[in-house]
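# Tertiary structure, described
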Amino acid sequence: MRTTRRDIIFSGASTLALAAASRQATAFDGPLADLLRGADDFPVASDAYIYGYALVTMEMTRRIISNVPKAEGTRAPMGTLIKLREYPDASFRDVTAPNADTLYTTAFFDVGDEPWVLEQPDMGERYFLLPMLSGWTDVFAVPGSRTTGGARKTYLITGPGWSGAVPDGMEEIKSPTALVWLLGRIYCTGTPEDYAAVHALQDAFKLQPLSTWGQEYTPPVKVDPAIDMKTPVRDQVNALSARDYFTLLSELMRRNPPAPADAPALENFARIGLDLVKGFDPAVLGDRMDQHLPKVSYERIMLHFLSRDGDMKRQNGWSYTTAAGTYGTNYIQRALITAIGLGANRPQDAIYPTSLKPNLLESYSGANRYVMRFPKGQLPPVRGFWSLTMYDENMFFVANPINRYSISIRTNPVYEPDGSLVIYIQNESPGKDKEANWLPAPRDKFHLMLRLYWPDENPPSLINGSWTIPAVEKV
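Residues numbered from 1 in each chain as written. Predicted model: local features only at pLDDT ≥ 70, side-chain atom pairs only at ≥ 80, totals over all residues. Heavy atoms only, no water.

## So, the nonpolar core
Side chains that are nonpolar tend, in soluble globular proteins, to be buried together. Grouped together as the largest cluster of nonpolar side chains are 40 residues, with contacts concentrated most on Tyr 53, Val 56, Phe 246 and Leu 274. Counting residues per element, this core draws most heavily on helix α3 (residues 41–66), at 12 residues. Filtering out sequence-adjacent residues up to four positions away, Phe 246 remains in contact with Ala 45, Ala 48, Tyr 49, Ile 272, Leu 274, Phe 280, Leu 285 and Leu 293. Grouped together as the second largest cluster of nonpolar side chains are 33 residues, Ala 90, Leu 103, Met 123 and Phe 205 included. (Core = buried A, V, L, I, M, F, W, Y, C linked by side-chain atoms within 4.5 Å. Buried < 20%, exposed > 50% of the residue type's maximum accessible area, 1.4 Å probe, protein only. Helix = DSSP H or I, 4+ residues; strand = E, 2+ residues; numbered from the N terminus. Contact = heavy atoms within 4.5 Å.)

## Details of the sheet that holds strand β23 (residues 472–474)
Pairing within the open sheet is mixed, and its four strands lie in the order β21-β20-β17-β23. Each of the sheet's edge strands pairs with one partner strand only, and the pair in question is β21 (438–440) and β23. Between one strand axis and the next, the sheet turns through 25 degrees on average, direction left out of account. (Pairing = 2+ DSSP bridges. Axes fitted to C-alpha atoms, helices over the stretch in contact; angles between N-to-C directions.)

## Focus: the pattern of salt bridges
A complete count under the given rule lists 17 salt bridges for this structure. As a salt-bridge pair, Asp 203 and Lys 83 come within 3.4 Å of each other at their nearest N and O atoms. With Asp 203 in helix α4 (residues 192–204) and Lys 83 in strand β1 (residues 82–83), the pair connects residues that are 120 residues apart, well separated along the chain. Asp 203 gets classed as partly exposed once you look at its relative accessible area, which sits at 43%. According to the relative accessible area criterion, Lys 83 is partly exposed, its value standing at 27%. In this structure, Arg 410 and Asp 101 form a salt bridge, with 3.8 Å as the shortest nitrogen-oxygen distance. One end of the pair, Arg 410, is in the loop between β19 (406–408) and β20 (421–426); the other, Asp 101, is in the loop between β1 and β2 (102–110), with 309 residues separating them in the sequence. Judged by relative accessible area, which is 22%, Arg 410 ranks as partly exposed. The class of Asp 101 is buried, set by a relative accessible area of 0%. (Salt bridge = Lys/Arg side-chain N within 4 Å of Asp/Glu carboxyl O.)

## So, the environment of Pro 43
Structurally, the position occupied by Pro 43 is in helix α3. Since its relative accessible area comes to 11%, Pro 43 is described here as buried. Between the C-alpha atoms of Pro 43 and Lys 278, which are 235 residues apart in sequence, the distance is 22 Å.

## Structural notes on the pairing of strand β7 (residues 153–158)
Look at any regular strand and the pattern is simple: side chains alternate between the two faces of the sheet. Here β7 lies mainly inside the structure; six of its six residues are buried. In this structure, strand β3 (residues 116–120) lies alongside β7, joined through five bridges in antiparallel fashion. Counted as the bridge partner of Trp 116 is Ile 157 from β7. In the sheet, β7 pairs with strand β8 (residues 171–174) via four bridges, with the strands oriented parallel. Paired with Leu 156 across the bridge in β8 is Glu 172.

## Here's the deal with the packing of aromatic side chains
Going through the model one piece at a time under the given rule, you end up with 24 aromatic pairs. When the centroid spacing of 6.1 Å and the interplanar angle of 75 degrees are considered together, the rings of Tyr 127 and Tyr 453 count as edge-to-face. With Tyr 127 in the loop between β3 and β4 (128–129) and Tyr 453 in strand β22 (residues 446–455), this pair connects stretches of sequence that are 326 residues apart. Taken individually, Tyr 127 and Tyr 453 each receive the classification buried, so the pair is uniform in this respect. Ring geometry for Phe 246 against Phe 280: centres 5.6 Å apart, planes inclined by 40 degrees, an arrangement best described as tilted. Taken as a pair, Phe 246 in helix α6 (residues 242–255) and Phe 280 in strand β12 (residues 279–280) lie far apart in primary sequence, 34 residues in all. A relative accessible area of 12% means that Phe 280 is categorised as buried. (Phe/Tyr/Trp six-rings, centres within 6.5 Å; stacked < 30°, edge-to-face > 60°.)

Here's what the structure looks like:
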């Protein structure tokens, strides 16, 4: 894991000073007391917490999404495809930052006991991608327009340690973990005719265990009333005590093995009782860090957002990262993306520049009028598509009189005589002659997100920095 200036409290002279002062730590309680009483093992425990944040969050997400008796909305039992049939409107509150560009076809399934088969129909020229995430949130495969084309495919997703024969007509995709999250996206214009076409494609997908292939299959349903279905996942994860957190992490690692490159980190984590073979021994850590370790560690994760090595690029009021989807041993980056954008794609598939403020001194407000101008020939460089989406300050769609939540080429904007594209970002209509380019804003604060699917990797490109996102300017 990389070390930055914010980690200095956990290293070097600071650790020695804390150890020397540990005899005085019994007089008070709090995060500093934890550091003083365990100057040697607190930083190790914090690193272990950050290391496991992705896997624990994925499991808690799986529990909530799959703990239902049937497929409905954004939830379905394990091994059941979730097919979102239309774009959400301003009343949608299931997830933050929803999109109005692709219809999701998703599922959680477990390949630890046997492989699963995913049959993808012929997608023709329609843009789609089928990213598959491991339990550690790494995107280990991305069938789709960019990588495999639109021809019909049948994939055999196999788990760790599986070495059987791949049936004829199937292509093996090896998952590094038992837990797999399919996060398929299919482009749709949103017209009634295109909705029907995409629905037909969604219904042609099949997902089931290899042992049932060729037969009718209904996934078993198991609903656990003890699972909290209302509290947001992140709040549930952050509320776990250190002992409960590491106990769960240890259990999950048995079916979702760490990568070979994690061996040095795991050897270090054994000092606090977290052992891949023996499991977690709570007696080693004790209870002195139960409440404060999660809080301090989560704050380290969020501080990484602001650090120099957090790979958050900033230009003209926009922030984005190209370090998502695969993480290697950069555990704190993995934890950060898990916290702020679980399910993120590889940058080759999608980048999501976000603008929360036009500058450091003020926020976006519907009381003002703004424009975003793309000069001729300088639209977002993509091979898939791009869109500019409006959100309120809580990252949900904004109700408006024309029911428009984003602008892209498919909304048929009008170009200026010089070939440039000007988008009007404001609360009230800019006038009938300009409404084709109007992105309606709320009356108060708002945020913007620019989505680039299949961004160009050759100049001009956002990936290599040879294309710059235009600023949003106040009129």
